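# Descriptive analysis of the structure
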Amino acid sequence: MIKEQQIEDSLIAKLTDLKYSYRSDIKDRASLEKNFREKFQALNRVNLTDSEFARLRDEIINSDVFASSKRLREINTFSREDGTPLHYTLVNIKDWCKNEFEVINQLRINTENSNHRYDVILLINGIPVVQIELKTLEVSPRKAMQQIVDYKSDPGNGYTNSLLCFMQLFIVTNRSNTYYFANNNSSHFSFNADEQFLPVYQFASEDNKKITHIDDFSEKFLSKCTLSQMISKYMVLVASEQKLLVMRPYQIYAVRAIVNSIQEHKGNGYIWHTTGSGKTLTSFKASTLLKDNPNIEKCLFVVDRKDLDRQTREEFNKFQEGCVEENTNTETLVRRMLSEDYANKVIVTTIQKLGLALDPNNKNNYKERLQPLSDKRIVFIFDECHRSQFGENHKAIKEFFPKAQLFGFTGTPIFDDNATYKQIDGTVGSYVTTKDIFQNPLHNYTITHAIEDRNVLRFHIDYFKPEKNVTVGSTDHKKAVVNAILKKHDAATHSKRFNALLATASINDAIEYYELFKDIQASKAKEDENFISLNIACVFSPPAEGNKDVQQLQEDLQQEKADNKVEPEKKKKALEAIISDYNKQYGSNHKITEFDLYYQDVQQRIKFQKFSNADYPHKNKIDLVIVVDMLLTGFDSKYLNTLYVDKNLKFHGLIQAFSRTNRILNDTKPYGNILDFRQQQAEVDRAIALFSGEDTGRAKEIWLVDPAPKVIEKYQVAVKAMEKWMEDKNMVAEPQEVYNIKGDAARVEFINRFKEVQRLKTQLDQYTDLSEEQKAKIDELMPEEQLRSFRSSYLEIAKQLKEIQQKEGDKAPENIQQLDFEFVLFASSVVDYDYIMNLIAKYTQGTPKKQKMTRDQLIGVLSSSANLMEEREDIIEFIKTLEVGKALNEHEIKDGYQNFKEEKIAKRLAEIANNNGLEVSALQQFTDAIISRMIFDADKLSELFAPLDLGWKERTKRELALMDELTPILKKKAEGREISGLKAYE
């Protein structure tokens, strides 16, 4: 195996070839600062006194990553000793390539609390901007990130109190596999595998081929001018969130292509980047780089539909506060277009307002007023450029602005094959193809690329066949669909961890579905007291009745626009009743007259399907939203994973709708689920072939998950391999034997083997098309009771190994350091706090003979889920104190459990006080003060020991002994929140 030292030596040699200066003399804080001083003084042509430099250093070192990153890119001011201001930059920001580039290794930043060593760091003008961490084992990107996150959160780390505060990028490599990601403040740099992890990227060429070997990566990414561009041009500082973003390779190539087209007068062009790939960030970067181009008069970012307008504007304002205003009317747009203010150089508007501004028949003479701009160079960037009304607008723009350049972004281009479509009235309409309007394809990043990169998910499609012949669209058909959804929804959404859309063919169908769900669920609830109804919402646009907002919304909702012309009053009444139900369910106060607020609330609720219920109870969530046209394009939510389809879809409409389900979250969401009730396999196959980019015949294989038999086969292999491994270790392949595994190396192997079993089981759990035979086969391989016991054993072993990881850090054996437990795979969305409390209440209410669940089974359910790992021991102890037959309700159980925990902690505190010769009341006050402020105060710790009149050596020893006992209690009382300053004692 290649040693880490060899990788390091080879990397430094490569960087030296790339004209970096290797500085073997820079190994500590003093030499780092000395070098920075020399570079700073040369760049700014100044000689600072020692006291001036010390003051400047203290002024620029800032634990706020965002503030430091801004300072790195700006002209700053410093007051010299004689009172004169010094305007300085830390690097040459006019021409980043002209900076000095150096490489250092094995830097140590020593403080009272730490003695960190950093593998390789790149300096620009003496400022540390890139840290490269080297690994010998196969890098799990999440694990490598976890290590850097842990490193950064250690007390006394150099990132907060030295020049390392300017760090922009982290690179992790094991030589053959390399990842990069941006630095950030802790709020955006926390690693939480339960719900999300930091965005981590691999570099790629323009045709999306991965560049992962560190030598190739260095050549393409770390050459001096490329790295300069990465930091100066292709990182975005998101002002509203105080966050740094680094662009993905395909975003960089798209921005570069647009900027080059403008500089070289190459006409129009389009970017084909799939839905979910971050088009807004790409277009924002393109617009802001154009803002500084003196040859461009204006850059208009043009979107379609009112909700997209708001969404895009909010996205843009996230990147730079107030950078785009709301153009509430065309008058404002015209005024901003004519304004010479630099702040009005980039404008976000809708295609509809632009159409009005260029309409010669408009009585406000907008077109006449815009005449001074007609011979200027104006850039138009269109988001989702394939709308039906685009042709006329495009013609008007080209006629009025002959020097304009037009750029379009689309996730689903219009080709000849999908240019014609059947209109609602039965006539045939046609879209202008993307190539006709935008001429040059500038960059492609298709859904095929995105799936292979794990930027979006694959799809699982279940073509549903009703049990008896029914006419599609009939009430019987809809009843069969409702019953199928109620039967399959738990599996499809991973026990309601996610939510779903039901796409219907018309407003009348949506209304009928809404009523059927109400009736069928009500009758099921009567029949079965344990039936839990789905929370159902429904959105479709109301009759416009002259409301301009609704009219604008409906321009891209062709079906809804046509439907609302027939019996509008009836539809209005139905929507009012739907909104009234929604208000009762969620305690809101929406009205049909302010439909947009209702629509926004539904979107927010879908996006906030927060797991688990302890934070966001199920009553606040939406399980299913019935839609017609709305939400099927341009809407993103990580918590939406299922689309039920009861409408005819084809080509780009089909891909757009399916793509609502495939946003990445974590391993509990392995794919987007599609349940098609219209047998549209031929249309799906045609759409995949058309939108896969260069179709090599593998598109279906890439886009769609393996069929159930294949995954069952993989599951069988994983289960049998684990059982054989246990037998080879002279153990029976039973859960209780896991506790007899000898040695950490064998435990690590068990963790990796069972994790694979669980990952495949999580995938199979969400297949909605399993036959009864297949379900029996899965259960036969590992019955539910046995699987649950194995999960419990896994969590126990994982907990022990995680403690070694945390306590020993870098000193832990390499195989333990590299372990990624992926507890999220073991966090049941059913077994949450409320569920367990409810089970315990039911357990007390039975009699020993009539109990549905024994005490051991109850403890087994609790032990097999990662959700309550921290509380598991306490809950088990509490269960053992309860008497069966002494009935308690859920509220009494919750109160009883809280009292039990408090008494247990009070008892333990008394023991700790006694062990350390302290007053119980004083120790109680000390811990209460820490928890109330969530801050650990070392001075108060010293005061606690003051009455004992100890020498400083003895006092320090006693303080450390106390904190060793007290830290677990403080962490328990903090319930997952961070206590500032406590890490020093962990």
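What comes next is a walk through the structure. Because the structure is predicted, anything quoted here is derived from the model rather than measured.

## Some words on the sheet that holds strand β22 (residues 499-504)
- In spatial order, the strands read β21-β26-β25-β22-β24-β23; together these 6 strands make up an open sheet with parallel pairing. Bordering the open sheet on either side are β21 (458-463) and β23 (536-539), each of which pairs with just one other strand. Across the sheet, the axes of successive neighbouring strands diverge by a mean angle of 20°, strand direction being ignored.
- Judged from the 6 bridges that link them, β22 and strand β25 (residues 640-646) form a sheet pairing that is parallel. The residue bridging A503 from the neighbouring strand is V645, located in β25.
- Strands in contact with helix α18 (residues 475-492) are β21, β22, β24 (624-627), β25 and β26 (671-676); relative to β25, the strand with the most contacts, it is inclined by about 165°.
- Docked against the sheet, helix α23 (residues 595-607) engages β22, β23, β24 and β25, running at close to 135° with respect to β23.

## Some remarks on the packing of helix α1 (residues 4-17) against helix α7 (residues 214-222)
- At a minimum axis separation of 10 Å, α1 and α7 run at an interaxial angle of 35°. For the pair α1 and α7, the crossing hand works out as right-handed. On α7, the residues that touch S10, L11, K14 and L15 of α1 are I214, D215, S218, E219 and L222.
- When its residues are assigned to classes, the contact of α1 with α7 shows 4 nonpolar, 2 polar and 3 charged.

## Some details on the pattern of salt bridges
- Following the criterion strictly, the structure yields 47 salt bridges and no others.
- Across the salt bridge formed by E241 and K243, the nearest N and O atoms sit 3.8 Å from each other.
- Taken together, the salt bridges that share partners define one network made up of R23, D25, K39 and E102.

## Points about the packing of aromatic side chains
- Counting across every chain of the model gives 37 aromatic pairs.
- Geometrically, the ring pair formed by F217 and F221 is stacked, given 4.6 Å between the ring centres and 15° between the ring planes. One end of the pair is F217 and the other is F221, both in helix α7 and 4 residues apart, which spans about a single turn. The same class applies to F217 and to F221, which are both buried.
- Both rings, one in W272 and one in F415, keep their centres 5.6 Å apart while their planes meet at 65°; by these two values the pair is edge-to-face. Of this pair, W272 sits in strand β13 (residues 269-273) while F415 is found in the loop between β17 (405-410) and β18 (420-422), placing the two residues 143 residues apart along the sequence.
- Judged by its relative accessible area of 6%, W272 falls in the buried class.
- Overall, F415 belongs to the partly exposed group, its relative accessible area being 25%.
- Three or more aromatic residues link up through ring pairs in this structure, and these residues are Y180, Y201, F203, F217 and F221.
- A cation over a ring is seen here: K291 above Y342, with NZ or CZ 5.1 Å from the ring centre.
- Above the face of the F498 ring, K669 is positioned so that its terminal group lies 6.0 Å from the ring centre.

## Observations regarding the side chain of R23
- Turning to its location among the elements, R23 is positioned in the loop between β1 (21-22) and α2 (29-44).
- Of the polar contacts made by the side chain of R23, one reaches the side chain of E102; its length is 2.8 Å.
- Setting aside residues no more than four positions away along its own chain, R23 makes contact with N35, K39, E102, V103 and I104.

## Notes on α7
- Of the residues making up α7, those classed as buried are I214, F217, S218, F221 and L222. One side of α7 carries all its buried residues, which in axial view fall inside an arc of 100°.

## Some remarks on the pairing of strand β7 (residues 169-173)
- The buried count for β7 comes to 5 of 5 residues, which makes it a mostly enclosed element.
- Where strand β6 (residues 127-134) and β7 come together, 5 bridges link them in parallel fashion. Bridge pairing in β7 places L134 opposite T173.
- Bridge analysis of β7 against strand β8 (residues 178-182) gives 5 bridges, and the strand direction is antiparallel. Its bridge partner lying in β8, V172 is registered against Y179.

## Focus on the sheet that holds strand β15 (residues 346-350)
- Strand order in the open sheet formed by 6 strands is β15-β14-β16-β17-β13-β20, and the pairing between neighbours is parallel. Both outer strands of the open sheet, β15 and β20 (440-445), are each paired with one neighbouring strand and no more. Shown here is a sheet whose adjacent strand axes are inclined to one another by a mean of 20°, direction ignored.
- In this sheet, β17 lies alongside β13 in parallel orientation, the contact comprising 4 bridges. Within β17, the residue paired with I271 across the bridge is F409.

## Details of the nonpolar core
- By size, the foremost hydrophobic cluster in this structure holds 84 residues, and its most contacted members are L122, F221, L222 and L227.
- For this core, the element with the highest residue contribution is strand β5 (residues 115-124), accounting for 6 residues.
- In this structure, F459, Y514, L654 and I688 belong to the second largest nonpolar core, which totals 81 residues.

## Notes on the state of the cysteines
- This structure, assessed with the given rule, holds 1 disulfide.
- The disulfide partner of C97 is C225, and the S-S distance across this bridge is 2.2 Å. Here C97 is found in the loop between β3 (85-88) and β4 (101-110), whereas its partner C225 is found in helix α8 (residues 224-232), with 128 residues between them in sequence.

## What to know about the packing of helix α34 (residues 872-881) against helix α35 (residues 890-915)
- Between α34 and α35, the shortest axis-to-axis distance is 10 Å and the interhelical angle comes to 110°. Classified by the angle between their axes, α34 and α35 sit roughly perpendicular to one another. Crossing geometry of α34 relative to α35 is assigned as right-handed. When α34 is examined against α35, the residues D874, I875, E877, F878 and T881 are found in contact with a partner set consisting of I893, G896, Y897, F900, K901 and K904.
- Taken together, the residues of the contact of α34 with α35 break down into 5 nonpolar, 2 polar and 4 charged.

Calculation criteria
Residue positions are given per chain, counted from 1 along the sequence in the order it is written. Local features in a predicted model are, by the rule used here, given only for residues with pLDDT of at least 70; side-chain atom pairs are given and counted only at 80 or more, and totals for whole chains, interfaces and linings are based on all residues. Each side-chain value is worked out from all heavy atoms of the structure, with water and hydrogens disregarded. Any two strands with at least two DSSP-identified bridges between them are counted as paired. We count a stretch as a helix when DSSP gives it H or I for four or more residues in a row; a strand needs E for two or more, and each element gets its number in order from the N terminus. Axis definition: a line fitted to C-alpha atoms, over the contacting stretch in the case of helices. Angles run 0 to 180 degrees between N-to-C directions. By definition, residues are in contact when any of their heavy atoms lie within 4.5 Å. Note on convention: the crossing is left-handed when the near helix lies turned anticlockwise from the far helix by less than a right angle, right-handed when the turn is clockwise. Each residue is assigned to one of three groups, with Ala, Val, Leu, Ile, Met, Phe, Trp, Tyr, Cys and Pro labelled nonpolar, Asp, Glu, Lys and Arg labelled charged, and all others, Gly among them, labelled polar. We define a salt bridge as a side-chain nitrogen of Lys or Arg found within 4 Å of a carboxyl oxygen belonging to Asp or Glu. Within 6.5 Å between ring centres, the rings of Phe, Tyr and Trp (the latter by its six-membered ring) count as paired, and their orientation is classed by plane angle as stacked under 30 degrees, edge-to-face over 60, tilted in between. Relative accessibility thresholds used throughout: buried, under 20% of the residue-type maximum; exposed, over 50%; partly exposed, between the two (1.4 Å probe, protein chains only). Charge over a ring is defined by NZ of Lys or CZ of Arg lying within 6 Å of the ring centre and within 35 degrees of the ring normal. Within 3.5 Å is the distance limit for a polar contact, defined as a pair of N or O atoms, with the added protein rule that one can donate a hydrogen and the other accept it, and that residues adjacent in sequence qualify only through two side-chain atoms. Arc definition: it is the arc formed by the directions from the helix axis to the C-beta atoms. Within this scheme, the nonpolar core is defined by two criteria: the residues are buried Ala, Val, Leu, Ile, Met, Phe, Trp, Tyr or Cys, and they are joined through side-chain atoms within 4.5 Å. Defined by distance alone, a disulfide is two cysteine sulfur atoms within 2.5 Å. Angle categories are assigned with fixed cut-offs, so that under 35 degrees is roughly parallel, over 145 is roughly antiparallel, 65 to 115 is roughly perpendicular, and the rest are oblique.

Any functional reading would require information that these geometric values do not contain.
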